[in-house]
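Breakdown of the fold
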Amino acid sequence: FSQYTEVTNPGSDENEINIYPNPVRDQLNIRYLTNKSNESINIEILSIDGKIMYNQAFDLNNSTQSIHTGSWSRGIYLLRFNNGSEVISKKIIKN
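Residues numbered from 1 in each chain as written. Predicted model: local features only at pLDDT ≥ 70, side-chain atom pairs only at ≥ 80, totals over all residues. Heavy atoms only, no water.

The next thing to look at is unusual backbone geometry. Look at the link from Tyr 20 to Pro 21: it is a cis peptide, with omega at -15°. When you line up the elements, Pro 21 lands in the loop between β2 (16-20) and β3 (27-33). (Helix = DSSP H or I, 4+ residues; strand = E, 2+ residues; numbered from the N terminus.)

With respect to the helices and strands, Asn 38 occurs in the loop between β3 and β4 (42-47). Once the C-alpha coordinates of Asn 38 and Leu 60 are considered, the two residues, 22 residues apart in sequence, prove to be 8.6 Å apart.

We now examine the environment of Met 53. Here Met 53 is to be found in strand β5 (residues 52-57). Among the residues examined, Met 53 registers a relative accessible area of 24% and is labelled partly exposed. For the pair Met 53 and Leu 79, spaced 26 residues apart in the sequence, the C-alpha separation amounts to 9.7 Å. Residues within four places of Met 53 in sequence aside, it is in contact with Ile 45, Leu 46, Ser 47, Trp 72 and Tyr 77. (Buried < 20%, exposed > 50% of the residue type's maximum accessible area, 1.4 Å probe, protein only. Contact = heavy atoms within 4.5 Å.)

Before going further, it helps to examine the side chain of Asn 22. Residue position: Asn 22 is located in the loop between β2 and β3. One polar contact links the side chain of Asn 22 to the main-chain carbonyl oxygen of Lys 91, over a distance of 3.0 Å. In this structure the side chain of Asn 22 is engaged in a polar contact, spanning 3.0 Å, whose partner is the backbone nitrogen of Ile 93. (Polar contact = N/O pair within 3.5 Å; in protein donor to acceptor, adjacent residues only side chain to side chain.)

Ordered by their spatial adjacency, four strands build an open sheet running β5-β4-β7-β8, and the pairing between neighbours is antiparallel. Sheet topology places β5 and β8 (87-94) at the edges, where each strand pairs with a single neighbour. For this sheet the average axis-to-axis angle between neighbouring strands, irrespective of direction, equals 15°. Where strand β7 (residues 75-82) meets β8, eight bridges bridge the pair, whose relative direction is antiparallel. (Pairing = 2+ DSSP bridges. Axes fitted to C-alpha atoms, helices over the stretch in contact; angles between N-to-C directions.)

Treat this as a map of the structure, not an account of what it does.
Spelled out as structure tokens, the structure:
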């Protein structure tokens with residue numbers, strides 16, 4: 001199981017999302033590279049039962065955003081990355 005997840009937009013080489021480590025223990029890092037400086041990005045992380053664990057705008061001035069996950073229960077979570085034109089979903093495992 002890979003500790004590092006990379007998601008790219010297959011129709012474009014403008015956007016790249018890196019999520020690491022996965023599985024995560026205490027801190028999840030999300031790195032987003034884009035050529036669009038005016039893009040509005042939102043990150044939402046949901047528990048398997050639908051509870052919103054994290055919901056914040058992504059700061060494009062800082063290409064990497066860290067999320068503290070130490071207090072979360074072990075299990076599977078869904079990360080949703082929304083840039084206004086598409087939603088990318090990725091499974092995260094918390095150990």
